[in-house]
Amino acid sequence: WSSDVCSSDLLHLVALATGFIALSLGGALAADSRLPPCPIYHSPSWTDCYGIASTTTGETYAGEWKDGMRHGQGVLVLRTGAKYQGDFVYGKATGQGTYGLRNGDVYVGEVVNGVIQGYGTLTASNGDVYTGDFAGFKFNGRGVLKMAKEGVYSGDFVNDLRQGQGTLEMADGSKYIGSFVNS
């Protein structure tokens, strides 16, 4: 994130030869932030302010800045259409946040350095819902997977697979309690 910006009470874009587009916000768009709009020119000095910066590769960030980095609350939209809204710490999505993917999947929970890590809920576009522990974008640890067509599994997961002790309650009412291996 670098280069110049153009600012006013409303959004104005300036496409720059450096490949970056940056903005400063005013009015209603900055209403979610307690910080003032960032100054007219974007530089590593943007700090304790609210603004927008976009790259020509398609990433756009709208939110709070500190020391020229995304820091505080913000929204990052990737060129793929995926969107993250939540906490940023010195340039990285870290803390509580929501990831929305183009396929309709939505994750709400803990994020560390841009990676789904910790406790959260993933709601898949097919209707499946997993709530529990994540490590590296995968179900890892204890969790509950409500499968839209099959039933509910509650127990241990390793790399997205049912692995260890758990309970599987099928949609037809049958139930299995015991050990699961790579299922």
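Structure first, text after, so check above.
A. The arrangement of a nonpolar patch on the surface in detail. Together, Met69, Val89 and Tyr90 make up an exposed nonpolar region whose accessible area comes to about 240 Å². Along the chain, Val89 turns up in strand β6 (residues 83-89). Residue classification places Val89 among the partly exposed positions, given a relative accessible area of 38%.

B. Region of the structure containing the nonpolar core. Grouped together as the largest cluster of nonpolar side chains are 23 residues, with contacts concentrated most on Trp65 and Tyr99. Mapped onto this core, the elements with two or more residues apiece are β3 (49-55), β4 (60-66), β6, β7 (92-100), β8 (106-112), β10 (129-135), β11 (138-147) and β12 (151-158). Per-element accounting of this core gives the leading share, 3 residues, to β11. When near neighbours in sequence (up to four residues on either side) are disregarded, Tyr99 contacts Lys83, Tyr84, Ala93, Asp105, Val106, Tyr107, Val111, Gly114 and Ile116.

C. Representation of the pattern of salt bridges in the model. For the coordinates displayed, the defined rule picks out 2 salt bridges. With a closest N to O distance of 3.6 Å, Asp48 and Lys66 form a salt bridge. In this pair, Asp48 sits in the loop between β2 (20-24) and β3 while Lys66 sits in strand β4, placing the two residues 18 residues apart along the sequence. Residue Arg142 is joined to Asp156 by a salt bridge in which the shortest nitrogen-to-oxygen separation is 2.9 Å.

Cut-offs applied
- Residues numbered from 1 in each chain as written.
- Predicted model: local features only at pLDDT ≥ 70, side-chain atom pairs only at ≥ 80, totals over all residues.
- Heavy atoms only, no water.
- Patch = residues over 30% accessible without salt bridge, like charges linked within 9 Å, V, L, I, M, F, W, Y side chains within 5 Å.
- Areas by Shrake-Rupley, 256 points an atom, 1.4 Å probe, with all protein chains shown as cover.
- Salt bridge = Lys/Arg side-chain N within 4 Å of Asp/Glu carboxyl O.
- Helix = DSSP H or I, 4+ residues; strand = E, 2+ residues; numbered from the N terminus.
- Buried < 20%, exposed > 50% of the residue type's maximum accessible area, 1.4 Å probe, protein only.
- Core = buried A, V, L, I, M, F, W, Y, C linked by side-chain atoms within 4.5 Å.
- Contact = heavy atoms within 4.5 Å.

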